[in-house]
Amino acid sequence: MEEIDRRIVALLAADGRMSFTDLAKETGLSVSAVHQRVRRLEKRGVIKGYAALVDFDEVGLPLTAFVSIKPIDPAAADDAPERLRHLAAIESCHSVAGEESYILKVRVGSPRDLEELLNQIRAAANVSTRTTVVLSTPFDYRPPAV
């Protein structure tokens, strides 16, 4: 990827609503050249989309936790992501090396909601869980160092 494309990606990662005019000023390109490059980056899948950064406390989801899962039966099919995809409280699912198979990032409204979600995870994927509750998040949503 060209250096100018990396710059565009970094700028949009920091501010997904940055206008083509502002991108042009920051990169020294014309507005039409920036527009073409952004569209090409989108088409190639480098830029996968744009999203709003949400204050989860304000929308009633103040509790964040990381849930490590591993299959109860190690010989069972590795299909936990498919079995858990329907649970909207799971924000992300990461396949990991180590004792666990996956680490899930979840957001819920209360400890009771977390307990219910853990029961749903265990039942849906036939896994054991280990949970770490987030106390605070000093930083999040950092743009990538491209």
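The structure contained in this document is the topic of the report that follows. (Residues numbered from 1 in each chain as written. Predicted model: local features only at pLDDT ≥ 70, side-chain atom pairs only at ≥ 80, totals over all residues. Heavy atoms only, no water.)

## Concerning the pattern of salt bridges
Just so we agree on the cut-off: When a carboxyl oxygen of Asp or Glu is within 4 Å of a side-chain nitrogen of Lys or Arg, the pair counts as a salt bridge. Elements are defined by DSSP. Helices are runs of H or I of four residues or more, strands are runs of E of two residues or more, and each kind is numbered from the N terminus. Only protein chains enter the accessibility calculation, which uses a 1.4 Å probe. A residue is then buried if its area is under 20% of the maximum for its type, exposed if over 50%, and partly exposed in between.
Enumeration over the complete set of coordinates arrives at eleven salt bridges. Among the ionic pairs, Glu-26 bridges to Arg-7, the shortest N-O distance being 3.2 Å. Linking Glu-26 in helix H2 (residues 20-27) with Arg-7 in helix H1 (residues 3-14), this pair joins segments that are 19 residues apart in sequence. Take Glu-26: its relative accessible area is 43%, and that puts it in the partly exposed class. Among the salt bridges present, the one from Lys-70 reaches Glu-99, with a minimum N-O distance of 2.9 Å. Placement of Lys-70 in strand E1 (residues 63-71) and of Glu-99 in the loop between strand E2 (90-95) and strand E3 (102-108) is noted, with a sequence separation of 29 residues between them. A relative accessible area of 29% places Lys-70 in the partly exposed class. Within this structure, Glu-91, Lys-105, Arg-107 and Asp-140 form a network of salt bridges that share partners.

## Looking at the sheet that holds E3
Note the threshold: Paired strands, as defined in this entry, are two strands with at least two bridges between them according to DSSP. Where helices are involved, their axes are fitted lines through C-alpha atoms of the stretch in contact, as for all axes, and angles between N-to-C directions lie from 0 to 180°.
Taken together, four strands build an open sheet; the order of strands is E2-E3-E1-E4 and the sheet is antiparallel. If you trace the sheet from one side to the other, it starts and ends with E2 and strand E4 (127-133), each paired once. Each adjacent strand pair in this sheet contributes to an overall mean axis angle of 20°, direction not counted. Examined bridge by bridge, E1 and E4 share seven bridges and lie antiparallel to one another.

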